[in-house]
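Chains, contacts and geometry: an overview
Given next are the chains, with one letter for each unit.
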Amino acid sequence: MQIQKNISLKTYNSFSIDVKAAYFVQINHSDEFPALIEWVNQHDLPFIILGGGSNILFSQDYKGLVIQINTKGKQCIKETDSDYFIEVSAGENWHQLVRWTIAQGYAGLENLSLIPGNVGAAPIQNIGAYGVELTDRFDSLKAIKISTGELKHFDKAACQFSYRDSFFKANLDQYLIQSLVLKLPKSPDWRINYEGIKNKMGSQPLSAKLISDAIIKLRQKKLPDPNEIGNVGSFFKNPILSQAQMDLLRQQHASMPSYHYADDQVKTSAAWLIDKCGWKGKSHAQAAVYAKHALVLINKGAATGAEIRQLAEMIQASVHKKFGISLEAEPRIL
Ligand SMILES: Cc1cc2nc3c(=O)[nH]c(=O)nc-3n(C[C@H](O)[C@H](O)[C@H](O)COP(=O)(O)OP(=O)(O)OC[C@H]3O[C@@H](n4cnc5c(N)ncnc54)[C@H](O)[C@@H]3O)c2cc1C
């Protein structure tokens, strides 16, 4: 384990924000965890755990230790009549895992194709796309409690998954997620009724690869590639409202989208709200709202994290003024 000083994080975050970490360490093997935990507990310094940096906004230099998890390994550890159980290390790239499972003949992750970032961060916000969330394919995980170094096992209930949320999001940096076990069904559980998936599939027989390929095409059309335009995907969560609140809002805004969420609760579209406030395509210094998708904030090239944060705050203020709805940021803002 090598702790480096004064390291640029530009290539470690998908917004490509050029901030510096006072200390930086990359963990490549799980046998380095004990030394890491000892170091962290012996030094009176703040620290954060980083995966692929695709759901984080650095608005200033980070004065503590950035721990970048790069541990590798994935294998099928168990098989029952109904499911395959796949164990994966936190530092594996999520999309490469999805394509690897498909190549091995395991279905279930196809709707989560092309989500950037690493496996260890997937439980933090219970990643989701096109009608599937991590929780639908999750068995358990192992995490190290940082304050004690104890390795703990979390089953699905203990993770408290909900929409873009989990126990770990509420307790950031208290646990280092080391590995996940995914539970992938042997009988197909295709989810293809979501926005345009069928149109992109043609008439070939259904397969995980066909669905994955269709979703990749859909995503590439809609979202900017972070290798070309810095972004973190959706910048805001879709707000959840009571049915009564929605009924009131719809008296003034008849076309406001409303999707069933839970008993007496509906979700509306953050992109729609932002669009109606006129933000699509608008800039603030080097930060902007993506012209093709109002939910995506982008770095036009030389944006600072502070400029992106200011743009996000201006959007939140105008959505609140027009609709009385508070938009919650999805990425972690530091
Ligand atoms: C173009 C684009 C599209 C996206 N589309 C989606 C989408 O469809 N659905 C979706 O849900 N998300 C989406 N995202 C957001 C993002 O890809 C996911 O949230 C992803 O899981 C983040 O992974 P990461 O490794 O980059 O996490 P990071 O940004 O590195 O970290 C995110 C959070 O997880 C914590 N963390 C990371 N690793 C660990 C670990 N091992 N142990 C403990 N804590 C850890 C960090 O401290 C931080 O709080 C998108 C992002 C982009 C850029």
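Residues numbered from 1 in each chain as written. Predicted model: local features only at pLDDT ≥ 70, side-chain atom pairs only at ≥ 80, totals over all residues. Heavy atoms only, no water.

Right, let's talk about the domain arrangement of the protein chain for a bit. Segmenting the protein chain into domains produces domain 1 (4–69), domain 2 (74–222) and domain 3 (230–333). Taking only C-alpha atoms into account, the centre of domain 1 sits 29 Å from that of domain 3. With 11 residues of domain 1 in contact, the opposing surface of domain 3 contributes 17 residues. Here domain 1 and domain 3 share an interface that buries about 1,200 Å² over both sides, 56% of which is from carbon and sulfur atoms. Three residues stand out in domain 1 for area buried against domain 3, namely Phe15, Asn55 and Leu57, and they jointly supply 53% of the buried area on that side. Here domain 1 and domain 3 share five residue pairs in polar contact (both at pLDDT 80 or more) between them. Residues belonging to the side of domain 1 that touches domain 3 are distributed by class as follows: six nonpolar, five polar and no charged. (Domains from an automatic or database assignment. Contact = heavy atoms within 4.5 Å. Buried area = accessible area lost by both parts, 1.4 Å probe. Polar contact = N/O pair within 3.5 Å; in protein donor to acceptor, adjacent residues only side chain to side chain. Nonpolar A, V, L, I, M, F, W, Y, C, P; charged D, E, K, R; others polar.)

Further remarks concern unusual backbone geometry. Unlike most non-glycine residues, Ser16 shows phi in positive territory, near 55°. Of note, Ser16 is situated in the loop between strand E1 (4–8) and strand E2 (20–27). We classify Ser16 as partly exposed; its relative accessible area is 26%. For Tyr130, which is not glycine, the phi dihedral falls at a positive 50°. Tracing the sequence through the fold places Tyr130 in the loop between strand E8 (128–129) and strand E9 (132–133). (Helix = DSSP H or I, 4+ residues; strand = E, 2+ residues; numbered from the N terminus. Buried < 20%, exposed > 50% of the residue type's maximum accessible area, 1.4 Å probe, protein only.)

This part covers the sheet that holds strand E3 (residues 47–50). Ordered by their spatial adjacency, four strands build an open sheet running E1-E2-E5-E3, and the pairing between neighbours is mixed. Since the sheet does not close on itself, it has two edges, and those belong to E1 and E3, each with one partner. Averaged over neighbouring strand pairs, the angle between their axes works out to 40° when direction is ignored. Bridge count between E2 and strand E5 (residues 62–69): six bridges; the pairing is parallel. When the sheet's bridge partners are listed, Ile27 is paired in E5 with Ile69. The sheet strands contacting helix H1 (residues 33–42) are E2, E3 and E5, and the helix crosses E5 at an angle near 165°. (Pairing = 2+ DSSP bridges. Axes fitted to C-alpha atoms, helices over the stretch in contact; angles between N-to-C directions.)

What follows is about the environment of Ser258. Here Ser258 shows up in the loop between helix H6 (243–252) and strand E15 (259–262). In the structure, Ser258 is positioned 11 residues away from Ser269 in sequence and 7.6 Å away in space, judged by C-alpha atoms.

Moving on, we get to helix H5 (residues 208–222). For H5, built from 15 residues, the straight-helix expectation of 21 Å at 1.5 Å per residue is met to within 8% by its first-to-last C-alpha distance of 21 Å. Those residues of H5 not exposed but buried are Ala208, Leu210, Ile211, Ser212, Ala214, Ile215, Ile216, Leu218 and Arg219. (Expected span 1.5 Å × (residues − 1).)

It is worth spelling out the pairing of strand E10 (residues 138–145) at this point. The side chains of a regular strand alternate, first on one face of the sheet and then on the other. Examined bridge by bridge, E10 and strand E12 (residues 175–185) share seven bridges and lie antiparallel to one another. Paired with Lys142 across the two strands is Ser179, which belongs to E12. Here E10 runs beside strand E11 (residues 151–155); their pairing, made up of five bridges, is antiparallel. Looking across to E11, one finds that Ser140 is bridged to Asp155. Counted between consecutive antiparallel strands, the loop separating E10 from E11 contains five residues, among which Gly149 sits at a positive phi close to 80°.

Turning next to the pattern of salt bridges. Tallied over the full model, the rule gives 13 salt bridges. The partner of Asp189 in a salt bridge is Arg191, and the shortest N-O contact between them spans 3.1 Å. The partner of Asp213 in a salt bridge is Lys209, with the nearest N and O atoms 2.8 Å apart. Note that Asp213 and Lys209 are positioned in helix H5 at a spacing of four residues, about one turn of the helix. Using a relative accessible area of 25% as the deciding quantity, one classes Asp213 as partly exposed. (Salt bridge = Lys/Arg side-chain N within 4 Å of Asp/Glu carboxyl O.)

Okay, the sheet that holds strand E17 (residues 283–284) next. One open sheet accounts for four strands, arranged E13-E19-E18-E17; its pairing is antiparallel. With partners counted over all chains shown, the strands left at the sheet margins are strand E13 (230–234) and E17, one partner each. Alignment of E13 against strand E19 (residues 296–299), held across three bridges, turns out to be antiparallel. Bridging from a neighbouring strand, Ser234 pairs with Val296 of E19. Here helix H8 (residues 305–323) sits on the sheet and contacts E17, strand E18 (287–289) and E19; the angle it forms with E18, its principal contact strand, is near 35°.

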